Amino acid sequence: MTSRSRDRRRIVERLGAASRVLLVLHVRPDGDSIGSTLAMARALRVLGKAAEVVAPDPIPPNLAFVPGADRVVGAGATRGSFDTALFLDCASLDRIGGATADLERAGPILNVDHHSSNQRYGAVNYIEPHAAACGEVTYDLIRALGVALDPEIAMGLYVAIVTDTGSFRYQSVTARTHRIAAQLLGLGVRPAEVGRQVWDSRTLASVRLEAAALTTLVQEGELAWMDVTPPMLAESGAAAYETEGLVNLPRSLEGVEVAVLFSDEGRGEVRVSLRSARRVDVSAIAVRLGGGGHARAAGCTLRMSLAQAHDAVLTAARAALR
Ligand code: 5GP
Ligand code: MN
């Protein structure tokens, strides 16, 4: 038995024995965090366990349709205690933001993830770095717990997988990713409806933010980057979470290997999103700057000015491209 399958078995045993589970979303929760966590919370409830989901940041409106999202509470709003804490898709403990108070009333942490940069902060750590989404790992765990997939679980898992794979087009996607998705469609998931909710429900403000940010787009050979600044956010009226996905604009340019989005939301720090096409490990760049992620998608938050962030990240990216 490999150490990874032993980790997996220990997670299943611990979840099977748990009776009150606290599930924690990561900061700026994305489709994988929300979908995996809500699917697992539902599976645990099917098994007769109490399961509560806490979110350090609000769920973005385009993901509020995922079943169970209406039961998610904000940081500090859980009541009572939990014998187990479960983290899905959360690479490091600093990604749980203000949910630390809730965690103090919970038992040992079970850490389930697919980020190679995961810091193994749990009592049990189960990391599948080749999984295209934590949703794939969650699918396996739910099956191993003996829970029959139902339409609610299927929707959570599908949202997790379709969002983290960029709609099934990233390098991490395998035949198995598609087989899992096919099974979820068999349980009633309608991809067109999910696509409309997740990607085609944008606010006019977010499109105006994109237009403003595009005026800063620069391509320098295999490197491209773009900025979001406080005036852009103020003038467009877009919310900070609406910068999600903007890194896909520099990423989509022909010949670009490394794409960067710098997002200065006026709080004395710059959010950096990194993407690569096929060769550069952007998680190595992010980890060195205090963040983390995957080889093809990573990020970090830098407490510095936009100009300083440009300098730090672009210097590292140019070195990685040489
Ligand atoms: P995004 O650019 O979409 O915010 O994040 C891309 C990937 O990098 C995600 O898988 C996310 O989990 C990871 N990531 C982004 N920012 C951070 C960060 O500050 N710390 C860590 N550990 N991972 C991050
Ligand atoms: Mn993920």
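The present account deals with the structure reproduced in this document. Keep in mind it's a predicted model, so treat the numbers as computed, not measured. (Residues numbered from 1 in each chain as written. Chains lettered and ligands numbered in written order. Predicted model: local features only at pLDDT ≥ 70, side-chain atom pairs only at ≥ 80, totals over all residues. Heavy atoms only, no water.)

Here the focus is the state of the cysteines. One pass over the full model with this rule turns up zero disulfides. No disulfide involves Cys90; its sulfur sits 9.8 Å from the nearest other cysteine sulfur, which is in Cys134. Judged by relative accessible area, Cys90 falls into the buried class, the value being 0%. (Disulfide = S-S within 2.5 Å. Buried < 20%, exposed > 50% of the residue type's maximum accessible area, 1.4 Å probe, protein only.)

Near ligand 1 lie 15 residues; those nearest to it are His115, Ser273, Arg275, Gly292 and Ala298. Gly292 places a main-chain nitrogen or oxygen 3.3 Å from a nitrogen atom of ligand 1. Protein burial of ligand 1: of its 500 Å² of free accessible surface, 87% is covered by the chains. Sorting the residues of the shell around ligand 1 by element identifies strand S10 (270-276), strand S11 (292-293) and strand S12 (297-302) as the ones contributing at least two each. If one sorts the elements of the shell around ligand 1 by residue count, S12 sits on top with four residues. For the shell around ligand 1, the per-class residue count stands at four nonpolar, eight polar and three charged. (Near = heavy atom within 4 Å. Polar contact = N/O pair within 3.5 Å; in protein donor to acceptor, adjacent residues only side chain to side chain. Areas by Shrake-Rupley, 256 points an atom, 1.4 Å probe, with all protein chains shown as cover. Helix = DSSP H or I, 4+ residues; strand = E, 2+ residues; numbered from the N terminus. Nonpolar A, V, L, I, M, F, W, Y, C, P; charged D, E, K, R; others polar.)

This paragraph deals with the layout of surface pockets. Approximately 170 Å³ is the volume attributed to the second largest pocket. As for the second largest pocket, its lining consists of Glu128, His130, Ala131, Glu136, Val137, Asp140, Thr174 and Arg176. Per-element accounting of the lining of the second largest pocket gives the leading share, three residues, to helix H4 (residues 134-144). In terms of residue class, the lining of the second largest pocket is built from two nonpolar, two polar and four charged. (1 Å grid on protein atoms, 1.4 Å probe; cavity = no way out; pocket = protein on both sides within 12 Å on 5 of 7 lines; lining within 4 Å. Points joined across faces, edges and corners; volume = space filled by probe spheres on them.)

The subject of this paragraph is the coordination of the manganese ion (ligand 2). Protein coordination of the manganese ion (ligand 2) is provided by Asp32 (OD), Asp89 (OD), His114 (NE2) and Asp164 (OD), with donor distances spanning 2.2 to 2.3 Å. Taken in chain order, the donor set of the manganese ion (ligand 2) reads D-x56-D-x24-H-x49-D. Of this pair, His114 sits in the loop between strand S5 (109-113) and strand S6 (124-127) while Asp164 is found in helix H5 (residues 151-164), placing the two residues 50 residues apart along the sequence. The exposure classification of His114 matches that of Asp164, with both residues buried. (Donors = N, O, S within 2.8 Å, 3.2 Å for Na, K, Ca; no water.)

The interhelical angle for the contact between H5 and helix H6 (residues 175-186), taken along N-to-C directions, is 145°, at an axis separation of 9 Å. Every pair of crossing elements has a handedness; the one defined by H5 and H6 is left-handed. Counted together, Ala154, Leu157, Tyr158 and Ile161 of H5 and Thr177, Ile180, Ala181, Leu184 and Leu185 of H6 form the full contact between these two elements. Class assignment of the residues belonging to the contact of H5 with H6 gives a composition of eight nonpolar, one polar and no charged. (Axes fitted to C-alpha atoms, helices over the stretch in contact; angles between N-to-C directions. Left-handed = near helix turned anticlockwise from the far one by under 90°. Contact = heavy atoms within 4.5 Å.)

By themselves, these observations are geometric and do not establish any function.
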